[in-house]
Amino acid sequence: MKKICLLGATGSIGKSTFELVKKNPDKFKIVGASGHAHFPELEIIAQEFNIPHLLNTKESFDYADFLKKCEPDIVLNAIVGFTGLKFSIETLQQKIPLALANKESLVAGGKLLMQLSQENKTPILPVDSEHSAIFQCLNTSPHTDFKKIILTCSGGPFWGKTKKNLEKITIAQALKHPNWSMGAKISIDSATLANKCLEFFEAMHLFGASKNQIQIVIHRESIVHSMVEFPDSSIIAQLSPPTMKLPIALALNFPKRENYNLPRQIFSNLDLSFRTPDKKVFRTLELLEICTEQMQNFPIVFNAANEIAVENFLNEKILFSQIFDVLEQTIHETKLENPDSLEKILEIDKNARVLAQKFIRKL
Ligand code: NDP
Ligand code: MG
């Protein structure tokens, strides 16, 4: 029985986790959970799941103390955005294994988190489906270096559209992902492909990959969740129907593989397609190249400008296509800096947000 502390319990990953736990009460028990704006809803769910410890992050709170009281075997960080970083750090500092959905943590604080994980001998288990796939592929040959990571990407709701088409996108259209049902922020990120850029940085940190070792490939069906090529040119892929419950269960229960009663892949009449992404339409990919060329503070700036742009799009302050403009302008104004401490990371993030807001006011 795994005792879980679930951060971001009121979100989409949180909901999938509750469903998984409900169907597998002999394997998982939630001993602590956090909620933000929807905390009152969490209080109701907590009665059904008999959760002893709750954290309301909308009010003043002490996560370090909360974690000590929960005494979990593992923390699942499913909070959205940069704000999740401090929770990831504290979890690793207390030497509690971290199942990580909050990719922004790794994008902004990758070096710090990987270092903490190593020093404290505490694992970071990826929950993001692509990274879970890569992690599984790498585990087939644990002592062999890999040649390349093939990071698959569904292409989101606007794959095949022209640059002109993207000017007239509504919020409802952007939120409607063809294969996954997710929170608002990651849904917009999937529509601009900023999500794939964040995942690129995430993979660089998690697997120690250089930018030349990762290739983004459009795979509309979301069945191959990513692949790894080895030195002998063999390629290992991980396949399954698109449900987050599988990577969540794997991270929570690693290295065990059990029957969680999840949907199974049927191989009759199945076509799998792979295409090269269009960087001219999805300009986030061009910006990714600039950022991976520089690294240092650039991923933090990319993430911060993106969070501001998405928030403003969802509040109807900017158009969909202007998300690309905000990112582009913020990154072009960025000078190389070394994010060598948490204080520096926080400062870089804050300054990038101010800069992005300044561009938005001028639009
Ligand atoms: P949601 O928006 O559905 O949920 C976000 C969660 O974070 C909610 O519980 C929310 O609380 C909480 N939260 C929001 N702001 C704060 C804050 N300032 N402090 C603390 N908690 C906060 O997002 P998702 O579940 O879709 O995604 C969560 C993370 O997982 C993201 O980083 C995303 O990129 C990643 N991920 C998600 C996938 C998916 O399929 N959904 C797939 C792969 C990765 P409340 O609602 O109460 O305000
Ligand atoms: Mg993903």
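To be clear, the structure that these remarks concern was listed above.
The structure displayed is predicted, hence computed values, not measured ones. (Residues numbered from 1 in each chain as written. Chains lettered and ligands numbered in written order. Predicted model: local features only at pLDDT ≥ 70, side-chain atom pairs only at ≥ 80, totals over all residues. Heavy atoms only, no water.)

Quick look at the coordination of the magnesium ion (ligand 2)
Thought 1: Distances from the magnesium ion (ligand 2) to its protein donors, namely D128 (OD), E130 (OE) and E199 (OE), fall within the range 2.0 to 2.2 Å.
Thought 2: Mapped onto the sequence, the residues coordinating the magnesium ion (ligand 2) show the spacing D-x1-E-x68-E. No difference in accessibility class separates D128 from E130, as the two residues are buried. (Donors = N, O, S within 2.8 Å, 3.2 Å for Na, K, Ca; no water. Buried < 20%, exposed > 50% of the residue type's maximum accessible area, 1.4 Å probe, protein only.)

What about unusual backbone geometry?
Thought 1: Looking along the chain, the bond that leaves F254 and enters P255 is cis, with omega of 5 degrees.
Thought 2: Tracing the chain through its elements places P255 in the loop between α10 (245-253) and α11 (284-294).
Thought 3: Backbone geometry places L193, a non-glycine residue, at a positive phi of 70 degrees.
Thought 4: With respect to the helices and strands, L193 occurs in the loop between α8 (184-192) and α9 (194-207).
Thought 5: Judged by relative accessible area, L193 falls into the buried class, the value being 1%.
Thought 6: The backbone of S226 sits at a positive phi, close to 155 degrees, despite the residue not being glycine.
Thought 7: Counting through the fold element by element, S226 comes out in strand β9 (residues 224-229). (Helix = DSSP H or I, 4+ residues; strand = E, 2+ residues; numbered from the N terminus.)

Digging into the side chain of N312
Thought 1: Within the fold, N312 resides in helix α12 (residues 298-314).
Thought 2: On the basis of relative accessibility, which here comes to 8%, the residue N312 falls in the buried class.
Thought 3: If we ignore the near neighbours within four places in the chain, the residues touching N312 are K317, I318, Q357 and I360. (Contact = heavy atoms within 4.5 Å.)

So, the nonpolar core
Thought 1: Membership of the largest hydrophobic core comes to 113 residues, with the highest contact counts inside it found for L76, F207, F302 and F320.
Thought 2: At 10 residues, α12 tops the list of elements feeding residues into this core.
Thought 3: Among all residues touching F302, those that are not within four sequence positions of it are A194, C197, L198, F201, T284, L287, C291, L327 and I331. (Core = buried A, V, L, I, M, F, W, Y, C linked by side-chain atoms within 4.5 Å.)

Considering the site of ligand 1
Thought 1: With respect to spatial proximity, 24 residues lie near ligand 1, and among them T10, H36, A37, H38 and E104 are the closest.
Thought 2: One of the backbone nitrogen or oxygen atoms of H36 is found 2.8 Å away from an oxygen atom of ligand 1.
Thought 3: G183 places a polar main-chain atom, nitrogen or oxygen, 2.9 Å from an oxygen atom of ligand 1.
Thought 4: If you list the elements that add at least two residues to the shell around ligand 1, you get α1 (12-23) and α5 (103-119).
Thought 5: By residue class, the composition of the shell around ligand 1 is 10 nonpolar, 11 polar and 3 charged. (Near = heavy atom within 4 Å. Polar contact = N/O pair within 3.5 Å; in protein donor to acceptor, adjacent residues only side chain to side chain. Nonpolar A, V, L, I, M, F, W, Y, C, P; charged D, E, K, R; others polar.)

Some thoughts on the side chain of N102
Thought 1: Looking at where N102 falls in the secondary structure, it is placed in the loop between β5 (98-100) and α5.
Thought 2: Within polar-contact distance, the side chain of N102 engages the backbone oxygen of I79 at 2.7 Å.

Let's talk about the packing of aromatic side chains
Thought 1: What the rule picks out here adds up to 11 aromatic pairs.
Thought 2: Between F201 and F302, the ring centres sit 5.8 Å apart and the planes meet at 70 degrees, which makes this aromatic pair edge-to-face. One end of the pair, F201, is in helix α9; the other, F302, is in helix α12, with 101 residues separating them in the sequence. Pair check on accessibility: F201 and F302 agree, each one buried.
Thought 3: Clustering of aromatic rings is evident, with ring pairs tying together F61, Y63, F66 and F87.
Thought 4: Here the basic side chain of K358 rests over the ring of F359, its NZ or CZ set 5.8 Å away from the ring centre. (Phe/Tyr/Trp six-rings, centres within 6.5 Å; stacked < 30°, edge-to-face > 60°. Lys NZ or Arg CZ within 6 Å of the ring centre and 35° of its normal.)

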